[in-house]
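What follows is the residue order along each chain.
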Amino acid sequence: MTIALASPGVTHTLRGLDGEAERVIDYAGERLAGVDEVGRGPLIGSVVAAAVILDPCRPIDGLGDSKALGEQRRLTLDAAIRGQALAFAVAEATPAEIDELNIYHATHLAMRRAIDGLLIAAEYLLVDGNRLPGHHCPGQAVVKGDARHPAIGAASILAKVARDAQMVALHERFPEYGFARHKGYPTPEHLAALERLGPLPEHRRSFAPVKRQLDLF
């Protein structure tokens, strides 16, 4: 599926999904930022977002949904994005902000911070998901966008590599919780450790499994 553009310029392409109608945007320049997040579902740590403006003169092969890539491939692509993109930024919303705002609004806060962190200001946004994050920059939300546009895929990769690194660092401090393996998601291993050891300060206190344990400890 190709996005129809209102004026000559760089063509942006969305790989179509069955049943999806063609999308039209009013932007044809080079300062299009892909935006994505990682970490809405875990019980601990920040939600991390990234924004990436790719350089059309330096394409990067293999960009896509970070969850579909192996760890080594993600790391290789993370380095390529950082070295070849026109601009990129990674930002987060903390567990305290998640508890205060809820995960939906905290995710959008992290996205806005990533967009604002770009050293080259974006002129148009393509955001993974079905809602824009409330930034003043125009754009559109793209369902499964990380698999459909390389800039969103690049943002997905940067966000996942950054958040995974945070979980590995937390694992080094608290190896008994197994964060390097489950990355904070509510796996049986994580839930068992939470029940046995109790929540850490980095846990999201508003999430039900953590809240239940806080009531017991």
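See above for the structure.
Keep in mind that this is a model prediction, so the values were computed, not measured.

Caption draft 1: Examining the overall build of the protein more closely. Secondary structure assignment for the protein yields 7 helices and 7 strands. Residues classed as buried in the protein amount to 50% of the 217 residues present. Partitioning the intrachain contacts of the protein with sequence separation of at least 6 by distance along the chain shows that 57% fall at a separation of at least 24.

Caption draft 2: Spatial organisation of the packing of aromatic side chains. For the structure shown, the criterion picks out 2 aromatic pairs. With centroids separated by 6.4 Å and ring planes inclined at 85°, the aromatic side chains of Phe174 and Tyr177 adopt a geometry described as edge-to-face. As far as the burial class goes, Phe174 and Tyr177 line up, both buried. Note on Tyr177 and Phe179: the rings are 5.3 Å apart at their centroids and 5° apart in plane angle, and the pair reads as stacked. Put simply, the rings of Phe174, Tyr177 and Phe179 pair up and form one aromatic cluster.

Caption draft 3: Examining the nonpolar core more closely. Core analysis: the biggest nonpolar cluster contains 27 residues, and Val35, Val47, Leu118, Ala122 and Leu125 have the highest contact counts within it. If one sorts the elements of this core by residue count, helix 3 (residues 103-116) sits on top with 7 residues.

Caption draft 4: The arrangement of helix 6 (residues 188-197) in detail. All buried positions along helix 6 are accounted for by His190, Ala193 and Leu194. Projected onto a plane normal to the axis of helix 6, the buried residues spread over an arc of 100° and lie on a single side. Counted as exposed and oriented over 90 degrees from the buried face of helix 6: Pro188, Glu195 and Arg196. Positive backbone phi, at 90°, marks Gly198, one or two positions downstream of helix 6.

Cut-off values and rules
Residues numbered from 1 in each chain as written. Predicted model: local features only at pLDDT ≥ 70, side-chain atom pairs only at ≥ 80, totals over all residues. Heavy atoms only, no water. Helix = DSSP H or I, 4+ residues; strand = E, 2+ residues; numbered from the N terminus. Buried < 20%, exposed > 50% of the residue type's maximum accessible area, 1.4 Å probe, protein only. Contact = heavy atoms within 4.5 Å. Phe/Tyr/Trp six-rings, centres within 6.5 Å; stacked < 30°, edge-to-face > 60°. Core = buried A, V, L, I, M, F, W, Y, C linked by side-chain atoms within 4.5 Å. Arc of directions from axis to C-beta.

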